There are 2 protein chains.
Amino acid sequence: MKRLGYLGPPGTFGEEAALLYGPADERVPFLSHTAVIQAVRDGVVDQGIAAIENSLDGAVNETIDILLAADNLSICAEFVLSIDQNLIAAPGTTLEDIDVVISHPSALAQCRGFLESHLPRARLEAALSTARAVEEAVRAPNSAAIGTRRAAEISGGVLLAEAVQDVRQNKTRFVVVSPHDAAPTGDDKTSIAFAVAHDRPGTLIGALKELSDRSINLTHIESRPSREQLGIYVFLIDFDGHRQERAAGEALAAIRAQSNFFRILGSYPRFKEVGS
Amino acid sequence: MKRLGYLGPPGTFGEEAALLYGPADERVPFLSHTAVIQAVRDGVVDQGIAAIENSLDGAVNETIDILLAADNLSICAEFVLSIDQNLIAAPGTTLEDIDVVISHPSALAQCRGFLESHLPRARLEAALSTARAVEEAVRAPNSAAIGTRRAAEISGGVLLAEAVQDVRQNKTRFVVVSPHDAAPTGDDKTSIAFAVAHDRPGTLIGALKELSDRSINLTHIESRPSREQLGIYVFLIDFDGHRQERAAGEALAAIRAQSNFFRILGSYPRFKEVGS
């Protein structure tokens, strides 16, 4: 029924996100977020998952840039995943056995405090991905890796310590990209991008007023310089509501009328965190 | 006279930024942007350089979070560095000799297109930093590294190919953090952070109106959820002008009066790009 693209390899947070998103007949790993989204555009997969906020590899800019350029694709869902790094080794290994810790350098950097206090003498070694690091560490004696719970499952490793990243609350927001966005559910969000000719606050106020006049909540705003035209700023805005609802639809039409560039990235159900 | 902290090791973009920033008696490498800024706070260095937008290691969130918390530090300068990745090897090496390409995985990912078209059979190997990769590659036969021009200088390597990243225009904005911000020059920017109790666009409009009513240009805006208090949004805004100028000073006082949390991150000279 459904082929779902994600940033691989299996055992990284991309696969954890793909598994969290729900059932799929096939989950297909790609080498970059750009490749994931291009695969959706080309019909190689039906949907693709891409990190859009606060991810390990700084995928935010890459994902936003390709979404802005992908006219015929939409965001159809969002969700937030806790990014927990774990210390993983072969079964039977103890902390005292470990001479080497292997991982993606960014993952090692995220766990620096833990490593300095618990494994101060261990040598750090780089791997191309956390998944590969776990694979290697489970095979090599006296070594451990920093990686996902899923990678430990795949490689037959055990978790010597859980959630060892220095910042406890490490969350990444993912979006699901598809040829169409989602039908209204009554609790939705809409993401748009638009550009105005000047970076004066007055022009942004005009757009925001279209939302506030209709009591529509803003959930995210971000400006970014457009790559093509110097001096043109693109604003990215998320707000509560679905583009098919009357108030949101009117606000969108009014903002479009004021913009040099305007694109609805999609309307989709708001993600509800478990326990929040 | 001046000790300048940066994200090391020597030969990475952190050192290129520290060299670009100008004269210093000593340039001191640290392991993270957090460590750089803490060293300024503790008086270990006089100033520190940290990436704040679009950096290799996704330093943005880390830098912003620690700046928000560092009450007694300010931004005193900004500048933008082109992040060019180069293919580096020992003198005498040719493209045909290369079996292995070593680098930080994020740097390898940035150059995927080049590597696939020019070195399709080369094996990719991870290193903890681009600087270490260059050091290793210059010593090992039949290997090359992806790294900075500065790393090639330090290690005695040569550039086999320049600016090999897939995205040509790869720029990172750095800020200089110091106990004080800068005196007015007549062409300055001011960065502030403030929080309002609700994420309604109306409250943000109130703040933006204080700028637009005084014809002050907005150069950047970004919202981010506050980590401490759920539901409280922090806005980060950069605008043209110095906090000691009358219009900017009045706008700042008015925004402060409307905010639950308010902090001037600093006023500093606007960076002028060569050729722009």
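The paragraphs below set out a description of the structure included in this document. (Residues numbered from 1 in each chain as written. Chains lettered and ligands numbered in written order. Predicted model: local features only at pLDDT ≥ 70, side-chain atom pairs only at ≥ 80, totals over all residues. Heavy atoms only, no water.)

## Points about the overall build of chain A
Logical step 1: Within chain A one finds nine helices and 14 strands.
Logical step 2: In chain A, which comprises 276 residues, the share counted as buried stands at 55%.
Logical step 3: Once local pairs closer than 6 in sequence are excluded, the contacts in chain A between residues at least 24 apart make up 74%.
Logical step 4: For chain A, the computed accessible surface area is about 11700 Å², with 50% contributed by carbon and sulfur atoms.
Logical step 5: When the 26 basic and 36 acidic side-chain charges of chain A are each reduced to a single mean position, those positions are 3 Å apart. (Helix = DSSP H or I, 4+ residues; strand = E, 2+ residues; numbered from the N terminus. Buried < 20%, exposed > 50% of the residue type's maximum accessible area, 1.4 Å probe, protein only. Contact = heavy atoms within 4.5 Å. Areas by Shrake-Rupley, 256 points an atom, 1.4 Å probe, with all protein chains shown as cover. Lys, Arg positive; Asp, Glu negative; His and termini not counted. Charge placed at Lys NZ, Arg CZ, Asp CG, Glu CD.)

## Comments concerning the side chain of T93 of chain B
All names here are of chain B.
Logical step 1: If you trace the backbone, T93 turns up in the loop between β5 (86-89) and β6 (100-103).
Logical step 2: A polar contact is formed between the side chain of T93 and the backbone oxygen of A90, at a distance of 2.5 Å.
Logical step 3: Apart from the residues within four sequence positions on either side, T93 is in contact with I98 and L160. (Polar contact = N/O pair within 3.5 Å; in protein donor to acceptor, adjacent residues only side chain to side chain.)

## A short note on the interface of chain B and chain A
A common way to state how big an interface is: give the accessible area lost once the parts meet.
Logical step 1: Taken together, the contact pairs 39 residues of chain B with 39 residues of chain A.
Logical step 2: Carbon and sulfur atoms make up 60% of the surface buried where chain B meets chain A, a total of about 3100 Å² over both sides.
Logical step 3: Counting the contacts that link chain B with chain A gives zero salt bridges.
Logical step 4: Mapped onto the side of chain B that touches chain A, the elements with two or more residues apiece are α4 (105-110), α5 (112-118), β7 (123-126), α8 (201-212), β12 (218-225) and β13 (233-240) of chain B.
Logical step 5: Ranked by residues supplied to the side of chain B that touches chain A, first place goes to α8 of chain B with eight residues. (Buried area = accessible area lost by both parts, 1.4 Å probe. Salt bridge = Lys/Arg side-chain N within 4 Å of Asp/Glu carboxyl O.)

## Describing the relation of the copies chain B and chain A
Logical step 1: When chain B is fitted to chain A, the residual RMSD is 0.0 Å, and the transformation amounts to a turn of 180 degrees plus an axial shift of 0.0 Å. Taken together, these values place the two copies in the relation of a two-fold axis.
Logical step 2: Of the residues that chain B buries at the interface, 100% are likewise interface residues in chain A, meaning the two copies contact each other through the same surface. (Least-squares fit on C-alpha atoms with pLDDT ≥ 70 in both.)

## Digging into the packing of aromatic side chains
Residues and elements named next belong to chain A.
Logical step 1: Per the stated rule, a full pass over the model turns up seven aromatic pairs over all chains.
Logical step 2: Considering the side-chain rings of F79 and F174, the 5.8 Å spacing of their centres and the 20 degrees angle between planes classify their relative orientation as stacked. Taken together, the residues F79 in strand β4 (residues 74-82) and F174 in strand β10 (residues 171-178) connect sequence positions 95 residues apart. Across the pair, exposure class does not vary: F79 and F174 are buried alike.
Logical step 3: Residues F194 and F235 carry aromatic rings whose centres are separated by 5.7 Å and whose planes lie at 35 degrees to one another, so their mutual orientation is tilted. Separated by 41 residues along the polypeptide, F194 in strand β11 (residues 188-196) and F235 in strand β13 (residues 233-240) bring together distant segments of the chain.
Logical step 4: Residue F194 is classed as buried on the basis of its relative accessible area of 1%.
Logical step 5: Taken together, the ring pairs in this structure connect Y21, F79, F174 and F271 into an aromatic cluster. (Phe/Tyr/Trp six-rings, centres within 6.5 Å; stacked < 30°, edge-to-face > 60°.)

## Structural notes on helix α6 (residues 130-139) of chain A
Residues and elements named next belong to chain A.
Logical step 1: Every buried residue of α6 is listed here: T130, A131, A133, V134, A137 and V138. The buried residues of α6 occupy an angular sector of 160 degrees when the element is viewed end-on, so they sit on one face.
Logical step 2: In this structure, the buried side of α6 is in contact with β5 (86-89), β6 (100-103), α4 (105-110), β8 (143-147) and α7 (149-155). (Arc of directions from axis to C-beta.)

## Looking at unusual backbone geometry
Logical step 1: Cis rather than trans, the peptide bond between G8 of chain A and P9 of chain A has omega equal to 0 degrees.
Logical step 2: In this fold, P9 of chain A is placed in the loop between β1 (3-7) and α1 (13-21).
Logical step 3: Within the chain, N142 of chain B stands out as a residue other than glycine whose phi angle is a positive 60 degrees.
Logical step 4: With relative accessibility at 36%, the residue N142 of chain B sits in the partly exposed group.
Logical step 5: We note that A163 of chain B has phi near 50 degrees; this positive angle belongs to a residue other than glycine.
Logical step 6: You can call A163 of chain B buried: its relative accessible area is 16%.

## Structural notes on the sheet that holds strand β2 (residues 26-30) of chain B
All names here are of chain B.
Logical step 1: Taken together, the five strands give an open sheet; going across it, the order is β2-β1-β3-β10-β4, and neighbouring strands pair in mixed fashion. For this open sheet the edge positions go to β2 and β4 (74-82), each flanked by a neighbour on one side alone. Ignoring which end each strand starts from, the neighbouring axes of this sheet average 30 degrees apart.
Logical step 2: Sheet topology places strand β1 (residues 3-7) next to β2; five bridges connect them, and they run parallel. Paired with R3 across the strands is E26, a residue of β2. (Pairing = 2+ DSSP bridges. Axes fitted to C-alpha atoms, helices over the stretch in contact; angles between N-to-C directions.)

## Description of the side chain of S259 of chain B
All names here are of chain B.
Logical step 1: Note on placement: S259 falls in the loop between α9 (246-258) and β14 (261-269).
Logical step 2: Within the local environment of S259, its side chain forms a polar contact with the backbone oxygen of I255, the two atoms lying 2.7 Å apart.
Logical step 3: Aside from chain neighbours lying at most four places away, what touches S259 is F194 and A195.

## So, the pairing of β10 of chain A
Residues and elements named next belong to chain A.
Logical step 1: Most of β10 sits out of view: seven of its eight residues are buried.
Logical step 2: Here five bridges tie strand β3 (residues 47-53) to β10, and the two strands are oriented antiparallel to one another. Note on β10: the bridge partner recorded for I49 is V176.
Logical step 3: Note that β4 and β10 share eight bridges and pair antiparallel. If you follow V80 over to β10, its bridge partner there is R173.

## Remarks on the environment of L4 of chain A
Residues and elements named next belong to chain A.
Logical step 1: Counting through the fold element by element, L4 comes out in strand β1.
Logical step 2: Between the C-alpha atoms of L4 and A257, which are 253 residues apart in sequence, the distance is 36 Å.
Logical step 3: Dropping the residues within four chain positions of it, L4 is found in contact with A18, Y21, A24, E26, R27, V28, V45, Q47, G48 and I49.

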